[in-house]
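So you can see what is in the structure, the chains are spelled out below.
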Amino acid sequence: MASLCLRFSILRWQPLYLRSWESTASWLCYYRALQEGPASVVVPIDKLSILVTVAFSALMLREGVSGRYLLGIAGMCAGAVLMVIG
């Protein structure tokens, strides 16, 4: 019975452990990108990660995307492009 409880406990915390490793890897890649390229290019690309979140929520979770929502996303994309080219 004790091993069953221990196994349940490990499985319960596994997503948290995986997320912590993913977050660490993400920050390491971010800082490496800042070392390799100018911050004026790296930061806007990093901020466009919201597009992945929006695409995932719309396609996988079937969340609704309103016109206002799309307008905000378009504004974010336009701002990021302007930061990179400007």
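All values derive from a computational prediction rather than experimental measurement.

**A look at the packing of helix H3 (residues 50–59) against helix H4 (residues 67–85)**
- At a minimum axis distance of 11 Å, the contact between H3 and H4 shows a crossing angle of 155°. Comparing their axes, H4 and H3 come out roughly antiparallel. Once H3 is placed against H4, the crossing between them reads as left-handed. Seen from H3, the contacting residues are Ile50, Leu51 and Val54; seen from H4, they are Tyr69, Ile73, Met76 and Cys77.
- Here the contact of H3 with H4 is built from residues that sort into seven nonpolar, no polar and no charged.

**Focus on the pattern of salt bridges**
- Tallied over the entire structure, the rule returns three salt bridges.
- One salt bridge connects Glu22 with Arg19, and the closest N-O pair in it is separated by 1.8 Å. Here Arg19 and Glu22 lie together in helix H1 (residues 2–36), a separation of three residues that amounts to about one turn.
- With a relative accessible area of 40%, Glu22 lands in the partly exposed category.
- By relative accessible area, which is 49% here, Arg19 ends up partly exposed.
- Taking the shortest distance from any N to any O, the salt bridge between Glu36 and Arg32 comes out at 3.2 Å. Here the residue Glu36 and the residue Arg32 both occupy positions in helix H1, the gap between them amounting to four residues, near one helical turn.
- The class for Glu36 is exposed, based on a relative accessible area of 58%.
- According to the relative accessible area criterion, Arg32 is partly exposed, its value standing at 48%.

Analysis parameters
Counting from 1, residues in each chain are numbered in the order their sequence is written. Residues qualify for local features only when their pLDDT is at least 70, as the model is predicted, and side-chain atom pairs are given and counted only at 80 or more; totals for whole chains, interfaces and linings, by contrast, use all residues. No hydrogens and no water enter the side-chain calculation; it runs on all heavy atoms of the structure. Fitted lines through C-alpha atoms serve as axes, helices being fitted only where they are in contact, and the angles separating the N-to-C directions of these axes extend from 0 to 180 degrees. We count a stretch as a helix when DSSP gives it H or I for four or more residues in a row; a strand needs E for two or more, and each element gets its number in order from the N terminus. Orientation is classified from the angle alone, with under 35 degrees giving roughly parallel, over 145 giving roughly antiparallel, 65 to 115 giving roughly perpendicular, and any other angle giving oblique. Left-handed describes a crossing whose near helix is turned anticlockwise from the far helix through less than a right angle; right-handed describes the clockwise counterpart. Contacts are assigned to residue pairs with any non-hydrogen atoms lying within 4.5 Å of each other. Ten residues, namely Ala, Val, Leu, Ile, Met, Phe, Trp, Tyr, Cys and Pro, are considered nonpolar, four, namely Asp, Glu, Lys and Arg, are considered charged, and the remaining ones, Gly among them, are considered polar. We define a salt bridge as a side-chain nitrogen of Lys or Arg found within 4 Å of a carboxyl oxygen belonging to Asp or Glu. Here the term buried applies to any residue with accessible area under 20% of the maximum for its type, exposed to any over 50%, and partly exposed to those in between, with areas from a 1.4 Å probe on protein chains only.

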